[in-house]
Amino acid sequence: MLEKLVETLKIKNKRLIYTEGCDPRILEAASRLHREGLLTPVLVGEPEAVRAAAENAGFDIEGIEIVDPMHYDGFEAMVDKMTELRKGKMTADECAAALKKANYFGTMYVKLGLADGLLGGATYSTADTVRPALQIVKTRPGSKIVSSCFIMDRTGADGKPERYAMADCAINLHPSAEELVEIAVETAKTASFFGIDPKVALLSYSTLGSGKGEDVDKVRAAAALLKDMDLPFPVEGELQFDAAFAPEVGKLKAPGSRVAGEANVFVFPDINAGNIGYKIAQRLGGFEAVGPILQGLAANINDLSRGCSAEEVYKMSIITAGME
Ligand SMILES: CC(C)(COP(=O)(O)OP(=O)(O)OC[C@H]1O[C@@H](n2cnc3c(N)ncnc32)[C@H](O)[C@@H]1OP(=O)(O)O)[C@@H](O)C(=O)NCCC(=O)NCCS
Ligand SMILES: CC(=O)OP(=O)(O)O
């Protein structure tokens, strides 16, 4: 999955800042990435505390840079820059207070070009990891919203690898039809990057008019907008998950559809469905969930699930540093 990115990283020597420098999973992944020469980790935290945490957990962080917001030489300049960026929205005092925290400090570190990317969320919630990025880094040109997707991987019962993309499981609470369109397009791009030939299903509790309700109307509207666009991949909606995924149900409920029964990119109608859905696939379905990979942000910043493993931190580090 990550071969392409690993090769890029070996050449580029990217700096990645971690907002939770004392977390054992972060320390394990950072130590491994440093040892393998894939990137230059920068850990945020009080240096003695970070070193003690590494020693307790048994990871070698010799030679890894540690930055402490409370004793950072460029702190005043950082406050001034953030105050300028947040003009009319946050005062200088509010920016100074925010920057004492690792999530805001790390985000400004990236904004100032001192690191190429940021990975956080091993202990910070998604909201606290993503909000500084939304406020300071903002969306990249051409994107109206930041969204997210998970790449879901497992080896099937027949021994063959299975890979799907699921979105938006982490950021947008109640996306509008237009926002679902943007989420679908961005997720298809992310899926392609990870080797999926996208067939996009817009999920619902209804298949092509079998159920009624405002939520169905929203998903139908998004599907109609997508079908009117000149996209290089097929889209279908609204579809129930069984109609999207199971070939025999797809044929029955949506005959003639190019996506039904074969979908590999699943766009959920809202964050309730998305977050619950990906965690069910992960915990009951045995899928490895890599993400949430942020889409539409003007910098390489990613979140982790607090339930992540060190291996997931390692993979998300490679994705965060390596994706353009
Ligand atoms: C992402 C999230 C934290 C933003 O919420 P918030 O901070 O209350 O949002 P606000 O409306 O106050 O907006 C804060 C800023 O972010 C921007 N913003 C909010 N959502 C955005 C989005 N999806 N894309 C781009 N920008 C966004 C706003 O424009 C605003 O910018 P400004 O301060 O410069 O005007 C919120 O949508 C959220 O909590 N999402 C769910 C997170 C979660 O719990 N996930 C489940 C586990 S993964
Ligand atoms: C993505 C996600 O659900 O994150 P967390 O488990 O940290 O809430």
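Calculation notes
Residues numbered from 1 in each chain as written. Chains lettered and ligands numbered in written order. Predicted model: local features only at pLDDT ≥ 70, side-chain atom pairs only at ≥ 80, totals over all residues. Heavy atoms only, no water. Disulfide = S-S within 2.5 Å. Buried < 20%, exposed > 50% of the residue type's maximum accessible area, 1.4 Å probe, protein only. Salt bridge = Lys/Arg side-chain N within 4 Å of Asp/Glu carboxyl O. Helix = DSSP H or I, 4+ residues; strand = E, 2+ residues; numbered from the N terminus. Near = heavy atom within 4 Å. Polar contact = N/O pair within 3.5 Å; in protein donor to acceptor, adjacent residues only side chain to side chain. Areas by Shrake-Rupley, 256 points an atom, 1.4 Å probe, with all protein chains shown as cover. Arc of directions from axis to C-beta. Contact = heavy atoms within 4.5 Å. Pairing = 2+ DSSP bridges. Axes fitted to C-alpha atoms, helices over the stretch in contact; angles between N-to-C directions. Parallel < 35°, antiparallel > 145°, perpendicular 65-115°, else oblique. Left-handed = near helix turned anticlockwise from the far one by under 90°. Nonpolar A, V, L, I, M, F, W, Y, C, P; charged D, E, K, R; others polar.

1. Looking at the state of the cysteines
In protein structure, a disulfide is the covalent linkage between the sulfur atoms of two cysteines. The tally for this structure, following the rule as stated, stands at 0 disulfides. Note on Cys22: no disulfide assigned, nearest cysteine sulfur contributed by Cys308 at a separation of 15 Å. Classification of Cys22 as partly exposed rests on a relative accessible area of 34%.

2. Things to note about the pattern of salt bridges
By the definition in use, this model includes 17 salt bridges. Arg32 is the salt-bridge partner of Glu311, the closest N and O atoms lying 3.0 Å from each other. Taken together, the residues Glu311 in helix H13 (residues 310-322) and Arg32 in helix H2 (residues 24-36) connect sequence positions 279 residues apart. Judged by its relative accessible area of 35%, Glu311 is partly exposed. Look at the salt bridges and you will find they share partners, linking Arg32, Glu36 and Glu311 into a network.

3. A word on the site of ligand 1
Near ligand 1 there are 17 residues, and of these Arg86, Arg131, Lys138, Val146 and Asn172 occur at the shortest range. At a separation of 2.5 Å, an oxygen atom of ligand 1 approaches a polar side-chain atom of Arg131. Val146 is positioned with one of its backbone polar atoms (N or O) 2.8 Å from a nitrogen atom of ligand 1. Within the complex, 63% of the 950 Å² of free accessible area of ligand 1 lies under protein. Of all elements in the fold, only helix H7 (126-137) and helix H12 (271-283) reach the threshold of two or more residues within the shell around ligand 1.

4. Regarding helix H1 (residues 3-12)
For H1, the full list of buried residues reads Leu5, Val6 and Leu9. Each buried residue of H1 lies within a common arc of 100° when the element is viewed along its axis, so the set occupies one face. Opposite its buried face, H1 presents the exposed residues Glu3, Lys4, Lys10 and Ile11, each directed more than 90 degrees away. Against helix H8 (177-193) and H13 lie the buried residues of H1. Asn13 lies just past H1 and shows a positive phi near 45°.

5. Considerations on the sheet that holds strand S6 (residues 161-167)
Here 6 strands make up an open sheet; going across it, the order is S8-S7-S9-S6-S5-S10 and the pairing mixed. Strand pairing shows two members of the sheet lacking a second neighbour, strand S8 (235-239) and strand S10 (288-295), which therefore form its edges. Strand-to-strand, the axes of this sheet are offset by a mean angle of 20°, without reference to chain direction. As paired elements, strand S5 (residues 147-155) and S6 share 7 bridges and run antiparallel to each other. Paired with Cys149 across the strands is Ala167, a residue of S6. Of the strands in this sheet, strand S7 (200-203) and S8 are in contact with helix H9 (residues 214-228), which crosses S8 at around 170°.

6. What to know about the packing of H8 against H9
Remark: H8 packs on H9, axes separated minimally by 8 Å, with the N-to-C direction vectors making an angle of 55°. As summarised for this structure, H8 and H9 are arranged oblique, according to the angle between their axes. The chirality of how H8 crosses H9 is right-handed. Along its contact with H8, which presents Ala177, Glu178, Leu180, Val181, Ala184 and Val185, the element H9 presents Lys218, Val219, Ala221, Ala222, Leu225 and Leu226. When the residues that make up the contact of H8 with H9 are grouped by side-chain class, the tally is 10 nonpolar, no polar and 2 charged.

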